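Spelled out, the chains give:
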Amino acid sequence: MLLNLRDKIRLHIDGSGQSDSEIARKIGVSRVSVGRWKKTGQITRENLVKLCSILGVSERDFYSDEISSEMPLKKINIIKKIADLDYNQLDLIKRIEDLLE
């Protein structure tokens, strides 16, 4: 399974346990900017370097066609499916949150 930059940004941010607001504050951008990165994959190199630093991952993880050994394929697929849920699935999102607590 090949992931594009947008998917990798989304997976790393969502998997970090940090909110978009926390990440934005640490990087020095708006929460909306972080959301845009996750939605479009469009991020400046400078901000990607900062993002990697606060998430503790290598830039190489974002540009490589390889899936990081730290994130097994099954985990990536699950995170991607959760990230794709929309707000009309609030009940499911709530049950997932309950399971993760």
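In case you missed it, the structure is sitting above this.
Here the structure is a predicted model, which is why all the values come from computation and not from measurement.

A.B. asks: Give a description of the packing of helix 2 (residues 20-27) against helix 3 (residues 31-40) that names residues and reports values.
C.D. replies: Here helix 2 crosses helix 3 at 110 degrees, and the two axes come no closer than 8 Å. By the criterion of interaxial angle, the relationship of helix 2 to helix 3 is roughly perpendicular. Facing Asp-20, Ser-21, Ile-23, Ala-24 and Ile-27 of helix 2, the residues of helix 3 in contact are Arg-31, Val-34, Gly-35, Trp-37 and Lys-38. Looking at the contact of helix 2 with helix 3, its residues break down into five nonpolar, two polar and three charged.

A.B. asks: Provide a residue-level description of helix 2, including the pertinent values.
C.D. replies: Listing the buried residues of helix 2 in full gives Asp-20, Ile-23, Ala-24 and Ile-27. The arc that holds the buried residues of helix 2, viewed along the axis, is 100 degrees, so those residues lie on one side. Those residues of helix 2 hidden inside the fold are in contact with helix 1 (5-14), helix 3 and helix 4 (45-55). Downstream of helix 2 by one or two residues, Gly-28 has phi in the positive range, about 95 degrees.

About the cut-offs
- Residues numbered from 1 in each chain as written.
- Predicted model: local features only at pLDDT ≥ 70, side-chain atom pairs only at ≥ 80, totals over all residues.
- Heavy atoms only, no water.
- Axes fitted to C-alpha atoms, helices over the stretch in contact; angles between N-to-C directions.
- Helix = DSSP H or I, 4+ residues; strand = E, 2+ residues; numbered from the N terminus.
- Parallel < 35°, antiparallel > 145°, perpendicular 65-115°, else oblique.
- Contact = heavy atoms within 4.5 Å.
- Nonpolar A, V, L, I, M, F, W, Y, C, P; charged D, E, K, R; others polar.
- Buried < 20%, exposed > 50% of the residue type's maximum accessible area, 1.4 Å probe, protein only.
- Arc of directions from axis to C-beta.

Note that all results are geometric; they support no functional claim without further evidence.
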